[in-house]
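Next come the chains, spelled out residue by residue.
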Amino acid sequence: MSLGQELAPHLPFLRRYARALTGSQTHGDAFVRATLEAIVAAPDSFPREVEPRLGLYKTFHAIWSTANIEEGHGGDNGLGNPEAIAQARLSRITPLSRQALLLTALEGFSAADAGYLIGAEPNEIDNLVQEALGEIERQTLADVLIIEDEPIIAMDIETIVRDLGHNVTGVAVTRDEAVAQARAHPPGLVLADIQLADDSSGIDAVRDILAEFSVPVIFITAFPERLLTGTRPEPTFLITKPFQRATVKAAIAQALFFDAATVPAG
């Protein structure tokens, strides 16, 4: 099997991680492209001492660590710009802590593997994750609209959201209901399933909502690879079903991290 064939199954999930890390499909996918270009240019430099997925993420992190995106270079200083918003938060949470949280909670890496990826010891990863979780607890709270037609899943999500301290403005099961609830109570965050009760689309519901409101969105789906192709406008934040509580918590925190409305005062 060629290196390309070994890496192909892992590319959608690297896109998910890169998008969550940068708060942008455009920037995240650009880092993934740069990673692939680096591998093609120097295939003998690809880390073969580890499994292909680890080697892929390690190469990505080599690109990421030299790009200075966390420094906000070349970005707009206005709070409408995701990098500028991230810059406003950097005194409260370090880049490494966010990387550690996303690698473990969103991508499912062990502490040892996450440590390998960002150059830290496993016990350091645990400390970094706790640092990130502490920042989440201090994060400005949001009004959350849940779009989910499965009652048990909707209840699970609502419980997680409320336990984080956020307010649930409503739970919609169809596209029309979601749009109506958003108009009645404009949300600060939307958590949306893809397939809804009346065969309508959560993607269409979100598109309607975004036409009227600027709000971060997290999609929840059992088929994430379908929305992580990098070939069209796709979600920035994506949770895979079945999900873990820590995954939802990390995704919510990261989506709000890049939202101007939730930049903490001070």
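Criteria and thresholds
Residues numbered from 1 in each chain as written. Predicted model: local features only at pLDDT ≥ 70, side-chain atom pairs only at ≥ 80, totals over all residues. Heavy atoms only, no water. Helix = DSSP H or I, 4+ residues; strand = E, 2+ residues; numbered from the N terminus. Buried < 20%, exposed > 50% of the residue type's maximum accessible area, 1.4 Å probe, protein only. Contact = heavy atoms within 4.5 Å. Areas by Shrake-Rupley, 256 points an atom, 1.4 Å probe, with all protein chains shown as cover. pLDDT = per-residue confidence, 0-100. Axes fitted to C-alpha atoms, helices over the stretch in contact; angles between N-to-C directions. Parallel < 35°, antiparallel > 145°, perpendicular 65-115°, else oblique. Nonpolar A, V, L, I, M, F, W, Y, C, P; charged D, E, K, R; others polar. Pairing = 2+ DSSP bridges. Expected span 1.5 Å × (residues − 1). Phe/Tyr/Trp six-rings, centres within 6.5 Å; stacked < 30°, edge-to-face > 60°. Lys NZ or Arg CZ within 6 Å of the ring centre and 35° of its normal.

## Some words on the overall build of the protein
- If you tally the helices and strands in the protein, you get 12 helices and five strands.
- Across the 266 residues in the protein, those meeting the buried criterion constitute 51%.
- Excluding contacts between residues fewer than 6 apart, the proportion of contacts in the protein whose partners are at least 24 apart in sequence is 69%.
- Looking at the protein as shown, the accessible area adds up to about 12,000 Å², and 53% of this sits on carbon and sulfur atoms.

## Some remarks on the confidence of the model for the protein
- Per-residue pLDDT for the protein has a mean of 86; in total, 87% of the residues score no lower than 70.
- Contacts of residues 68-79 to residues separated by more than four positions or lying in other chains number 22 contacts, the stretch itself having pLDDT below 50.

## Considerations on unusual backbone geometry
- Following lysine 241, the chain continues into proline 242 via a peptide bond in cis, with omega recorded as -10 degrees.
- Its place among the elements puts proline 242 in the loop between strand 5 (237-240) and helix 12 (245-257).
- Positive phi values are uncommon outside glycine, yet aspartate 199 reaches one of about 70 degrees.
- Along the polypeptide, aspartate 199 turns up in the loop between strand 3 (189-193) and helix 11 (202-210).
- Aspartate 199 sits in the exposed class, given a relative accessible area of 67%.

## Side note on the packing of helix 6 (residues 95-106) against helix 8 (residues 122-138)
- Relative to each other, helix 6 and helix 8 sit at 100 degrees, their axes nearing to 8 Å. Between helix 6 and helix 8, the crossing angle belongs to the class labelled roughly perpendicular. On helix 8, the residues touching Leu96, Ser97, Ala100, Leu101 and Thr104 of helix 6 are Ile125, Leu128, Val129, Glu131, Ala132, Leu133 and Ile136.
- Residues of the contact of helix 6 with helix 8, tallied by class, amount to nine nonpolar, two polar and one charged.

## Remarks on the sheet that holds strand 1 (residues 143-147)
- Read across the sheet, five strands follow the order 2-1-3-4-5 without closing on themselves; strand pairing throughout is parallel. The open sheet has two edge strands, strand 2 (167-172) and strand 5, and neither has a second partner. Across the sheet, the mean angle from the axis of one strand to that of its neighbour is 20 degrees, orientation sign disregarded.
- Both strand 1 and strand 2 contribute to a ladder of five bridges, which runs parallel. Bridge pairing links leucine 145 to glycine 170 in strand 2.
- The sheet contacts of helix 9 (residues 151-163) involve strand 1, strand 2, strand 3 and strand 4 (217-221), and relative to strand 2 the element is tilted by about 165 degrees.
- Seen against the sheet, helix 11 touches strand 1, strand 3 and strand 4 and runs at an angle of roughly 175 degrees to strand 4.

## Some details on helix 8
- Here helix 8 contains 17 residues, and its C-alpha end-to-end distance of 25 Å stays within 8% of the 24 Å for a straight helix at 1.5 Å per residue.
- Among the residues making up helix 8, those that are buried are Ile125, Leu128, Val129, Ala132, Gly134, Glu135 and Ile136.

## Some details on the packing of aromatic side chains
- Applying the stated criterion to the full structure yields seven aromatic pairs.
- A centroid spacing of 6.4 Å and a plane angle of 15 degrees characterise the contact between phenylalanine 60 and tryptophan 64, whose relative ring orientation is stacked. Taken together, the positions of phenylalanine 60 and tryptophan 64, both in helix 4 (residues 52-65) and four residues apart, correspond to about one turn of that helix.
- A relative accessible area of 0% places phenylalanine 60 in the buried class.
- Overall, tryptophan 64 belongs to the buried group, its relative accessible area being 5%.
- Ring-pair connections join several aromatic residues into one group, and the members of that group are Tyr17, Phe31, Tyr57, Phe60, Trp64 and Phe109.
- It is lysine 58 that lies over the ring of tyrosine 116; its NZ or CZ is 4.8 Å from the centre.
- Directly above the aromatic system of phenylalanine 223 lies the positively charged group of arginine 226, at a separation of 4.0 Å from the ring centroid.

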